[in-house]
Amino acid sequence: MYAFTLERPTTTAAAAKLAADGAKPLAGGQTLLASMKQRLSSPDQLADLSGIKELSGIRREGNAFVIGAMTRHADVADNVELKAALPALAELAAHIGDRQVRAMGTLGGSVANNDPAACYPSAVLALGATIHTTARKIAADDFFLGMFATALNDGELITAISFPIPKRAAYMKFKQPASRFALVGVFIAQFDAGVRVAVTGAANGVFRHAGLEAALSKSFTPQAAAAVRIDATELNSDIHATAAYRANLISVQTQRGVARALG
Ligand SMILES: Cc1cc2nc3c(=O)[nH]c(=O)nc-3n(C[C@H](O)[C@H](O)[C@H](O)COP(=O)(O)OP(=O)(O)OC[C@H]3O[C@@H](n4cnc5c(N)ncnc54)[C@H](O)[C@@H]3O)c2cc1C
(Lines give C-alpha, C1' and ligand atoms only; values in the text may rest on other atoms or scores of the structure.)
Protein backbone atom coordinates (compact mmCIF):
# COMPACT_ATOMS: atom_id res chain seq x y z
CA MET A 1 0.00 0.00 0.00
CA TYR A 2 1.30 3.47 -0.78
CA ALA A 3 1.04 6.56 1.45
CA PHE A 4 -2.27 8.38 1.79
CA THR A 5 -4.06 10.27 4.53
CA LEU A 6 -7.22 9.04 6.24
CA GLU A 7 -9.85 11.38 7.64
CA ARG A 8 -12.67 10.27 9.92
CA PRO A 9 -15.46 12.85 9.72
CA THR A 10 -18.37 12.44 12.13
CA THR A 11 -20.95 14.51 10.24
CA THR A 12 -22.23 14.40 6.67
CA ALA A 13 -21.40 18.09 6.29
CA ALA A 14 -17.76 17.47 7.25
CA ALA A 15 -17.56 14.49 4.87
CA ALA A 16 -19.10 16.55 2.05
CA LYS A 17 -16.50 19.25 2.57
CA LEU A 18 -13.65 16.72 2.49
CA ALA A 19 -15.10 15.12 -0.65
CA ALA A 20 -15.54 18.52 -2.31
CA ASP A 21 -11.85 19.15 -1.59
CA GLY A 22 -10.88 15.91 -3.34
CA ALA A 23 -11.01 13.19 -0.67
CA LYS A 24 -12.28 9.80 -1.87
CA PRO A 25 -15.16 8.44 0.22
CA LEU A 26 -14.46 5.10 1.92
CA ALA A 27 -17.55 3.08 2.82
CA GLY A 28 -17.16 -0.68 3.44
CA GLY A 29 -13.89 -0.78 1.52
CA GLN A 30 -14.90 -4.03 -0.21
CA THR A 31 -14.13 -2.62 -3.64
CA LEU A 32 -12.09 0.50 -2.93
CA LEU A 33 -9.37 -1.07 -0.76
CA ALA A 34 -8.84 -3.93 -3.22
CA SER A 35 -8.61 -1.37 -6.06
CA MET A 36 -6.01 0.59 -4.12
CA LYS A 37 -3.96 -2.54 -3.41
CA GLN A 38 -3.98 -3.31 -7.13
CA ARG A 39 -3.09 0.33 -7.93
CA LEU A 40 -6.27 0.71 -9.98
CA SER A 41 -7.14 3.61 -7.69
CA SER A 42 -4.66 5.80 -5.87
CA PRO A 43 -6.39 8.55 -3.89
CA ASP A 44 -4.19 10.86 -1.78
CA GLN A 45 -6.86 11.16 0.87
CA LEU A 46 -9.71 8.96 2.06
CA ALA A 47 -12.76 10.16 3.97
CA ASP A 48 -13.99 7.20 6.04
CA LEU A 49 -17.78 7.52 6.30
CA SER A 50 -18.18 4.81 8.94
CA GLY A 51 -18.19 7.22 11.89
CA ILE A 52 -21.19 9.20 10.60
CA LYS A 53 -24.19 7.86 12.49
CA GLU A 54 -26.79 9.75 10.44
CA LEU A 55 -25.75 7.82 7.31
CA SER A 56 -26.84 4.45 8.72
CA GLY A 57 -30.24 2.99 9.43
CA ILE A 58 -33.53 1.91 7.89
CA ARG A 59 -36.80 3.75 8.45
CA ARG A 60 -40.26 3.56 6.96
CA GLU A 61 -41.62 6.83 5.57
CA GLY A 62 -45.18 6.40 4.30
CA ASN A 63 -45.11 3.87 1.48
CA ALA A 64 -41.31 3.79 1.20
CA PHE A 65 -38.23 2.61 3.05
CA VAL A 66 -35.41 5.11 3.41
CA ILE A 67 -32.09 3.34 3.87
CA GLY A 68 -28.94 5.23 4.84
CA ALA A 69 -25.97 4.99 2.49
CA MET A 70 -23.72 3.42 5.16
CA THR A 71 -26.21 0.70 6.06
CA ARG A 72 -24.41 -2.64 5.76
CA HIS A 73 -25.85 -5.42 3.61
CA ALA A 74 -26.21 -7.64 6.71
CA ASP A 75 -28.40 -5.00 8.40
CA VAL A 76 -30.65 -4.74 5.34
CA ALA A 77 -30.91 -8.55 5.24
CA ASP A 78 -31.88 -8.75 8.93
CA ASN A 79 -34.29 -5.82 9.21
CA VAL A 80 -37.61 -7.19 10.48
CA GLU A 81 -39.84 -4.41 9.09
CA LEU A 82 -38.20 -4.62 5.66
CA LYS A 83 -38.47 -8.42 5.60
CA ALA A 84 -42.21 -8.09 6.23
CA ALA A 85 -43.03 -5.31 3.75
CA LEU A 86 -40.35 -5.59 1.05
CA PRO A 87 -38.84 -9.07 1.43
CA ALA A 88 -37.28 -9.06 -2.05
CA LEU A 89 -34.87 -6.31 -1.00
CA ALA A 90 -33.90 -8.02 2.25
CA GLU A 91 -33.35 -11.30 0.38
CA LEU A 92 -31.22 -9.56 -2.23
CA ALA A 93 -28.96 -8.23 0.54
CA ALA A 94 -28.86 -11.64 2.25
CA HIS A 95 -27.32 -13.23 -0.86
CA ILE A 96 -24.63 -10.67 -1.63
CA GLY A 97 -21.12 -12.17 -1.52
CA ASP A 98 -20.23 -13.92 1.71
CA ARG A 99 -20.64 -13.13 5.40
CA GLN A 100 -17.63 -10.81 5.54
CA VAL A 101 -18.73 -8.86 2.45
CA ARG A 102 -22.22 -8.47 3.92
CA ALA A 103 -20.81 -7.34 7.27
CA MET A 104 -18.75 -4.57 5.68
CA GLY A 105 -20.30 -3.71 2.29
CA THR A 106 -22.80 -0.84 2.18
CA LEU A 107 -25.78 0.19 0.09
CA GLY A 108 -24.21 3.54 -0.83
CA GLY A 109 -20.88 1.97 -1.78
CA SER A 110 -22.57 -0.59 -4.00
CA VAL A 111 -24.77 1.91 -5.79
CA ALA A 112 -22.02 4.54 -6.18
CA ASN A 113 -19.68 1.88 -7.55
CA ASN A 114 -22.31 0.59 -10.04
CA ASP A 115 -20.53 -2.65 -10.86
CA PRO A 116 -22.33 -4.06 -13.93
CA ALA A 117 -22.88 -7.36 -12.08
CA ALA A 118 -23.91 -5.91 -8.69
CA CYS A 119 -27.28 -6.74 -7.17
CA TYR A 120 -28.49 -3.47 -5.60
CA PRO A 121 -28.58 -1.40 -8.82
CA SER A 122 -31.30 -3.71 -10.17
CA ALA A 123 -33.44 -3.14 -7.06
CA VAL A 124 -32.89 0.61 -7.20
CA LEU A 125 -33.93 0.71 -10.86
CA ALA A 126 -36.85 -1.75 -10.71
CA LEU A 127 -38.33 -0.15 -7.61
CA GLY A 128 -38.00 3.34 -9.10
CA ALA A 129 -36.00 4.43 -6.05
CA THR A 130 -34.70 7.93 -5.38
CA ILE A 131 -31.04 8.49 -4.59
CA HIS A 132 -30.53 11.24 -2.00
CA THR A 133 -27.16 12.97 -2.20
CA THR A 134 -25.43 15.82 -0.44
CA ALA A 135 -26.55 18.04 -3.35
CA ARG A 136 -29.94 16.78 -4.65
CA LYS A 137 -32.32 13.88 -5.23
CA ILE A 138 -31.79 11.75 -8.33
CA ALA A 139 -34.39 9.39 -9.83
CA ALA A 140 -33.10 5.87 -10.44
CA ASP A 141 -33.93 6.18 -14.15
CA ASP A 142 -31.41 9.06 -14.38
CA PHE A 143 -28.72 7.63 -12.12
CA PHE A 144 -27.04 4.63 -13.78
CA LEU A 145 -25.01 5.70 -16.81
CA GLY A 146 -23.20 2.47 -17.75
CA MET A 147 -20.28 0.43 -16.51
CA PHE A 148 -19.07 1.90 -13.18
CA ALA A 149 -20.59 5.24 -14.24
CA THR A 150 -23.31 7.17 -12.41
CA ALA A 151 -24.85 10.63 -12.39
CA LEU A 152 -22.88 11.53 -9.22
CA ASN A 153 -20.62 14.55 -9.65
CA ASP A 154 -17.11 14.65 -8.19
CA GLY A 155 -17.38 15.23 -4.46
CA GLU A 156 -21.10 14.38 -4.32
CA LEU A 157 -22.01 11.77 -1.69
CA ILE A 158 -24.99 9.45 -1.53
CA THR A 159 -26.65 9.95 1.85
CA ALA A 160 -29.66 7.60 1.55
CA ILE A 161 -31.89 5.79 -0.93
CA SER A 162 -35.66 5.83 -0.77
CA PHE A 163 -37.36 2.63 -2.03
CA PRO A 164 -41.11 2.72 -2.82
CA ILE A 165 -42.90 -0.41 -1.57
CA PRO A 166 -44.40 -2.37 -4.48
CA LYS A 167 -47.43 -4.66 -4.44
CA ARG A 168 -45.18 -7.60 -5.21
CA ALA A 169 -41.49 -8.05 -6.00
CA ALA A 170 -38.79 -10.65 -6.40
CA TYR A 171 -35.08 -10.73 -7.15
CA MET A 172 -33.70 -13.81 -8.90
CA LYS A 173 -29.91 -14.03 -9.10
CA PHE A 174 -28.10 -16.67 -11.11
CA LYS A 175 -24.71 -16.55 -9.38
CA GLN A 176 -21.34 -16.55 -11.00
CA PRO A 177 -20.10 -19.23 -8.62
CA ALA A 178 -16.56 -17.89 -8.08
CA SER A 179 -17.41 -14.26 -7.32
CA ARG A 180 -21.05 -14.69 -6.24
CA PHE A 181 -21.92 -11.58 -8.24
CA ALA A 182 -24.80 -11.93 -10.70
CA LEU A 183 -24.11 -13.77 -13.94
CA VAL A 184 -27.66 -12.57 -14.54
CA GLY A 185 -29.94 -11.06 -11.92
CA VAL A 186 -33.50 -9.88 -12.54
CA PHE A 187 -35.49 -7.67 -10.16
CA ILE A 188 -39.23 -7.55 -10.87
CA ALA A 189 -41.53 -5.08 -9.12
CA GLN A 190 -45.29 -4.80 -9.59
CA PHE A 191 -46.95 -1.46 -8.78
CA ASP A 192 -50.52 -0.27 -9.40
CA ALA A 193 -49.11 1.76 -12.31
CA GLY A 194 -47.41 -1.25 -13.94
CA VAL A 195 -44.45 -3.59 -13.71
CA ARG A 196 -40.79 -2.60 -13.75
CA VAL A 197 -38.08 -5.14 -14.60
CA ALA A 198 -34.36 -4.41 -14.18
CA VAL A 199 -31.56 -6.73 -15.30
CA THR A 200 -28.03 -6.83 -13.92
CA GLY A 201 -24.98 -8.90 -14.86
CA ALA A 202 -25.98 -9.35 -18.48
CA ALA A 203 -24.66 -6.21 -20.14
CA ASN A 204 -22.37 -3.24 -19.54
CA GLY A 205 -24.68 -1.88 -16.90
CA VAL A 206 -28.04 -2.43 -15.27
CA PHE A 207 -31.00 -1.83 -17.61
CA ARG A 208 -34.79 -2.00 -17.72
CA HIS A 209 -36.41 -4.43 -20.16
CA ALA A 210 -39.29 -2.72 -21.97
CA GLY A 211 -40.66 -5.94 -23.55
CA LEU A 212 -40.88 -7.80 -20.24
CA GLU A 213 -42.37 -4.75 -18.52
CA ALA A 214 -45.11 -4.40 -21.17
CA ALA A 215 -45.98 -8.11 -21.12
CA LEU A 216 -46.02 -8.38 -17.32
CA SER A 217 -48.02 -5.17 -16.92
CA LYS A 218 -50.73 -6.82 -19.05
CA SER A 219 -50.51 -10.24 -17.43
CA PHE A 220 -48.37 -10.86 -14.36
CA THR A 221 -47.69 -14.54 -15.06
CA PRO A 222 -44.61 -16.65 -15.86
CA GLN A 223 -46.26 -17.53 -19.19
CA ALA A 224 -46.40 -13.86 -20.20
CA ALA A 225 -42.68 -13.49 -19.42
CA ALA A 226 -41.87 -16.68 -21.36
CA ALA A 227 -43.55 -15.29 -24.48
CA VAL A 228 -41.16 -12.31 -24.64
CA ARG A 229 -38.20 -12.70 -26.98
CA ILE A 230 -34.96 -11.52 -25.35
CA ASP A 231 -32.56 -9.96 -27.84
CA ALA A 232 -28.95 -11.03 -27.16
CA THR A 233 -27.37 -8.41 -29.44
CA GLU A 234 -26.16 -6.03 -26.74
CA LEU A 235 -25.50 -8.63 -24.03
CA ASN A 236 -22.04 -9.67 -22.80
CA SER A 237 -20.18 -12.76 -23.93
CA ASP A 238 -17.22 -13.82 -21.78
CA ILE A 239 -15.54 -16.93 -20.36
CA HIS A 240 -18.51 -17.45 -18.05
CA ALA A 241 -21.40 -17.30 -20.53
CA THR A 242 -22.30 -16.37 -24.08
CA ALA A 243 -24.73 -13.56 -24.87
CA ALA A 244 -27.30 -16.14 -25.99
CA TYR A 245 -26.97 -17.97 -22.67
CA ARG A 246 -27.46 -14.72 -20.77
CA ALA A 247 -30.51 -13.87 -22.89
CA ASN A 248 -32.03 -17.24 -22.02
CA LEU A 249 -31.23 -16.66 -18.34
CA ILE A 250 -33.02 -13.30 -18.39
CA SER A 251 -36.15 -15.07 -19.60
CA VAL A 252 -35.88 -17.98 -17.19
CA GLN A 253 -35.01 -15.84 -14.16
CA THR A 254 -37.91 -13.50 -14.92
CA GLN A 255 -40.35 -16.42 -15.12
CA ARG A 256 -39.02 -17.76 -11.82
CA GLY A 257 -39.18 -14.31 -10.27
CA VAL A 258 -42.81 -13.79 -11.25
CA ALA A 259 -43.72 -17.20 -9.85
CA ARG A 260 -41.92 -16.33 -6.63
CA ALA A 261 -43.57 -12.91 -6.37
CA LEU A 262 -46.96 -14.58 -6.81
CA GLY A 263 -46.08 -16.87 -3.90
C1 LIG B 1 -15.78 -11.25 -2.62
C2 LIG B 1 -16.85 -10.24 -2.93
C3 LIG B 1 -18.09 -10.69 -3.34
C4 LIG B 1 -19.10 -9.76 -3.64
N5 LIG B 1 -20.31 -10.23 -4.07
C6 LIG B 1 -21.28 -9.35 -4.40
C7 LIG B 1 -22.56 -9.79 -4.84
O8 LIG B 1 -22.86 -10.98 -4.88
N9 LIG B 1 -23.46 -8.85 -5.19
C10 LIG B 1 -23.21 -7.51 -5.10
O11 LIG B 1 -24.06 -6.70 -5.41
N12 LIG B 1 -22.01 -7.06 -4.66
C13 LIG B 1 -21.05 -7.94 -4.31
N14 LIG B 1 -19.86 -7.47 -3.86
C15 LIG B 1 -19.68 -6.00 -3.72
C16 LIG B 1 -19.89 -5.54 -2.27
O17 LIG B 1 -21.09 -6.01 -1.81
C18 LIG B 1 -19.89 -4.01 -2.05
O19 LIG B 1 -21.17 -3.48 -2.26
C20 LIG B 1 -18.99 -3.27 -2.95
O21 LIG B 1 -17.73 -3.87 -2.84
C22 LIG B 1 -18.89 -1.75 -2.62
O23 LIG B 1 -19.40 -1.40 -1.35
P24 LIG B 1 -18.51 -0.81 -0.18
O25 LIG B 1 -19.46 -0.32 0.83
O26 LIG B 1 -17.51 -1.78 0.29
O27 LIG B 1 -17.84 0.47 -0.85
P28 LIG B 1 -16.30 0.94 -1.02
O29 LIG B 1 -15.47 -0.17 -1.55
O30 LIG B 1 -15.82 1.58 0.25
O31 LIG B 1 -16.52 2.07 -2.11
C32 LIG B 1 -16.85 1.76 -3.45
C33 LIG B 1 -16.89 3.05 -4.29
O34 LIG B 1 -18.01 3.83 -3.94
C35 LIG B 1 -17.60 5.13 -3.46
N36 LIG B 1 -18.51 5.44 -2.36
C37 LIG B 1 -18.72 4.71 -1.24
N38 LIG B 1 -19.70 5.23 -0.50
C39 LIG B 1 -20.13 6.34 -1.16
C40 LIG B 1 -21.14 7.31 -0.90
N41 LIG B 1 -21.93 7.24 0.19
N42 LIG B 1 -21.31 8.30 -1.79
C43 LIG B 1 -20.54 8.38 -2.91
N44 LIG B 1 -19.57 7.49 -3.21
C45 LIG B 1 -19.36 6.48 -2.35
C46 LIG B 1 -16.14 4.95 -3.05
O47 LIG B 1 -15.41 6.17 -3.11
C48 LIG B 1 -15.66 3.95 -4.08
O49 LIG B 1 -15.39 4.60 -5.31
C50 LIG B 1 -18.85 -8.36 -3.53
C51 LIG B 1 -17.58 -7.92 -3.11
C52 LIG B 1 -16.60 -8.83 -2.81
C53 LIG B 1 -15.25 -8.32 -2.35
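The rules we used
Residues numbered from 1 in each chain as written. Predicted model: local features only at pLDDT ≥ 70, side-chain atom pairs only at ≥ 80, totals over all residues. Helix = DSSP H or I, 4+ residues; strand = E, 2+ residues; numbered from the N terminus. Buried ≥ 20, exposed ≤ 12 C-beta atoms within 10 Å, placed from the backbone. Core = buried A, V, L, I, M, F, W, Y, C linked by C-beta atoms within 7 Å. Domains from an automatic or database assignment. Pairing = 2+ DSSP bridges. Axes fitted to C-alpha atoms, helices over the stretch in contact; angles between N-to-C directions. Contact = placed C-beta atoms within 7 Å.

*Asks:* Please set out the environment of Arg-136 residue by residue, giving values where relevant.
*Replies:* With respect to the helices and strands, Arg-136 occurs in the loop between strand 6 (130–133) and strand 7 (137–139). Given 10 C-beta atoms within a 10 Å radius, Arg-136 is considered exposed. Residues Arg-136 and Ala-64, 72 residues apart in the sequence, show an inter-C-alpha distance of 18 Å.

*Asks:* Would you mind going over the nonpolar core in detail, with residue names and values included?
*Replies:* In this structure, Leu-89, Ala-123, Val-124, Ala-126, Ile-161, Val-184 and Ile-188 are the most contacted members of the largest nonpolar core, which totals 82 residues. Here this core gets seven residues from one element, more than from any other, and that element is strand 12 (residues 182–191). Counting contributing residues per domain, this core is built from domain 1 (5–40 + 57–164) and domain 2 (168–261), each supplying no fewer than three.

*Asks:* Can you explain the sheet that holds strand 1 (residues 5–7)? Please cite residues and give values.
*Replies:* Spatial ordering of the open sheet is given by 1-3-2, a layout of three strands whose pairing is parallel. Looking at the sheet topology across the chains shown, the edges are occupied by strand 1 and strand 2 (24–26). In this sheet, adjacent strand axes meet at a mean angle of 30° when their direction is disregarded. Direction of pairing for strand 1 relative to strand 3 (residues 45–48): parallel, over a ladder of three bridges. Counted as the bridge partner of Glu-7 is Ala-47 from strand 3. Lying over the sheet, helix 1 (residues 12–20) contacts strand 1, strand 2 and strand 3, oriented at roughly 160° with respect to strand 3.

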